[in-house]
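Here's the letter readout for the chains.
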Amino acid sequence: MRNKLLSIIAIAGCFVASAQETCVINGRIEDTQLADGKKVKNVYLTHTDEFGRTMTVATAKVKRGNYTIKYKLAEGEPALQYTITGFGDKQGVELFVEPGEIVVSTPAAVQPEQSIVSGTPTNDTYAEYKAIVCAGHVEVARQIMELEALHGKGWLESAAGKAEVKRIKAKEAIKTKAESIRFLIDHNASPMTPWVIERSLFTKLTAGYAEQMTKTIAVSLHEHPYYRSLYNTMLASTLKAGTIAPDVTLPLLNGDTKHLADYSGKYVILNFWDDAAKASEMFAELQQVYELTQEQREQYLIISMSLESDIAAWEKAVKELGVECEGWLHACDGAGVDSPAAKRYGVENTPKIILIEPEGHVVSLDMEVDELVMRIEQILSGDLYYFDQEK
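To keep things clear, this report deals only with the structure shown in the data block. Quantities reported herein were computed from a predicted structural model and do not represent experimental measurements.

1. Examining the environment of V133
Line of reasoning, step 1. Here V133 lies in helix 2 (residues 121-151).
Line of reasoning, step 2. Residues V133 and A173, spaced 40 residues apart in sequence, show a C-alpha to C-alpha distance of 9.0 Å.
Line of reasoning, step 3. With sequence-adjacent residues up to four places away left out, V133 is seen in contact with T176 and S180.

2. Structural notes on the pairing of strand 5 (residues 80-85)
Line of reasoning, step 1. The buried fraction of strand 5 amounts to six of the six residues, a majority that puts the element mostly inside the structure.
Line of reasoning, step 2. Where strand 2 (residues 42-48) and strand 5 come together, three bridges link them in antiparallel fashion. Bridge pairing in strand 5 places T46 opposite T83.
Line of reasoning, step 3. Bridge analysis of strand 5 against strand 6 (residues 93-97) gives five bridges, and the strand direction is antiparallel. Bridged to I84 within strand 6 is V93.

3. A closer look at the packing of aromatic side chains
Line of reasoning, step 1. Taken as a whole and judged by the stated rule, the model has 12 aromatic pairs.
Line of reasoning, step 2. Arranged with centres 5.2 Å apart and planes meeting at 85 degrees, the rings of F96 and W195 form a pair that is edge-to-face. Taken together, the residues F96 in strand 6 and W195 in helix 5 (residues 192-201) connect sequence positions 99 residues apart.
Line of reasoning, step 3. Measuring from centroid to centroid gives 6.5 Å for Y126 and Y129, while their planes differ by 10 degrees, and the two rings are stacked. With Y126 and Y129 both in helix 2 and three residues apart, this pair spans about one turn of that helix.
Line of reasoning, step 4. Under the relative-accessibility criterion, Y126 is labelled buried at 8%.
Line of reasoning, step 5. A connected cluster of aromatic rings, assembled from ring pairs, spans F96, Y126, Y129, F183 and W195.

4. Regarding the nonpolar core
Line of reasoning, step 1. Core analysis: the biggest nonpolar cluster contains 48 residues, and I25, L45, Y67, I84 and L95 have the highest contact counts within it.
Line of reasoning, step 2. Counting 27 residues, the second largest nonpolar core, distinct from the first, contains A279, Y300, V318 and V369.

5. Notes on the sheet that holds strand 14 (residues 352-356)
Line of reasoning, step 1. Taken in spatial order, the five strands of this open sheet run 13-12-11-14-15, and their pairing is mixed. The outermost strands of the open sheet, each flanked by one partner alone, are strand 13 (328-332) and strand 15 (362-364). For this sheet, the mean angle separating the axes of adjacent strands, direction not counted, is 25 degrees.
Line of reasoning, step 2. Relative to strand 13, helix 9 (residues 311-321) is tilted by about 160 degrees, and along the sheet it contacts strand 11 (267-273), strand 12 (300-306) and strand 13.

6. A few points about the sheet that holds strand 3 (residues 54-61)
Line of reasoning, step 1. Ordered by their spatial adjacency, four strands build an open sheet running 3-2-5-6, and the pairing between neighbours is antiparallel. Edge positions in the sheet fall to strand 3 and strand 6, since each has one partner strand and no second. Neighbouring strand axes in the sheet, compared pairwise and without regard to direction, differ in orientation by 30 degrees on average.
Line of reasoning, step 2. Relative to strand 3, strand 2 is paired through seven bridges, and the arrangement is antiparallel. The residue bridging L45 from the neighbouring strand is A58, located in strand 3.

7. Re the packing of helix 5 against helix 7 (residues 225-237)
Line of reasoning, step 1. Look at helix 5 against helix 7: their axes get within 8 Å of each other, and the N-to-C directions meet at 35 degrees. Pair helix 5 / helix 7 crosses with left-handed handedness. Here helix 5 contributes P194, W195, I197 and E198 to the contact with helix 7, which in turn contributes Y226, Y227, S229, L230 and T233.
Line of reasoning, step 2. When its residues are assigned to classes, the contact of helix 5 with helix 7 shows six nonpolar, two polar and one charged.

Definitions and cut-offs
- Residues numbered from 1 in each chain as written.
- Predicted model: local features only at pLDDT ≥ 70, side-chain atom pairs only at ≥ 80, totals over all residues.
- Heavy atoms only, no water.
- Helix = DSSP H or I, 4+ residues; strand = E, 2+ residues; numbered from the N terminus.
- Contact = heavy atoms within 4.5 Å.
- Buried < 20%, exposed > 50% of the residue type's maximum accessible area, 1.4 Å probe, protein only.
- Pairing = 2+ DSSP bridges.
- Phe/Tyr/Trp six-rings, centres within 6.5 Å; stacked < 30°, edge-to-face > 60°.
- Core = buried A, V, L, I, M, F, W, Y, C linked by side-chain atoms within 4.5 Å.
- Axes fitted to C-alpha atoms, helices over the stretch in contact; angles between N-to-C directions.
- Left-handed = near helix turned anticlockwise from the far one by under 90°.
- Nonpolar A, V, L, I, M, F, W, Y, C, P; charged D, E, K, R; others polar.

Structural data, given as structure tokens:
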């Protein structure tokens, strides 16, 4: 009897563990009619990766306004932002996929952004944040309505009326921003916090303020993709010779995915290119650098990042250029000129060569190959000239 009871407990434990790895989304659309008169028949759970590629990971039929999406998370998968689409040309419902049950209430299919999402920690926290922003807009509308009732609609169009409306909007914007920042600081261990800071606040903050906001994020989130993205965006915003090089994702020619940070401890020659014909001269010159460093090959690495949007074309170009060598990596994320790596390093024209020293600081953001050869020769001789630059 005791063994039987233990078996039942073990089986129940397995079901609990399984449930913890699944995200169940129960949705309700009160009015399923779209702007074109059609009704929502299916909804789709989609996710956009760091390279801007949107993938549908689950689908559900809408029956009498109700739908259920079940998505099994990969082991160790963190809470990430997804979107429920299927509302015609409307953006969709934003939510964070994580273990547990999420409830989505959509008043009308023509306004999916008005949906209320709740049920799991990150979504509940994000709902609170959005309520603060919404309250600011509501307060502005309330005060303007009071002015109209007091002075009349015509007065709002006068110079005095416009000035007063402008004052109200500015005052409430400052209050809302301050309340939002305080909320994010108080919820610094939520995965939605670095995501919101980078997406909604970063460009509105000074470089110093953005750095301070980044530092407020809880240490427990430092391995989360959204913290890493925010941190590297912060580094990129003040990038110059002597600063820490932002990390970037490197989808390699052999199918592996690495990060620039994986190669700390080496001198990294990071170069960007987008056209094989234009880049052939650069690659021929980089061969000189490659040969120059062979006696200390374990200390040097060349990474050639292509801005080609066609992966097959990139693979073919690398083979034709004949630059597949040990200690020379080739990467391409397929995002073309919108490559996150190119954006972080401010690449506007190619080819572009960047030198990074073993401790992760940028030595130069735009070197000609002749200068690169000279600098590598200096370093090989023991002249670490860039230390003065970092100071």
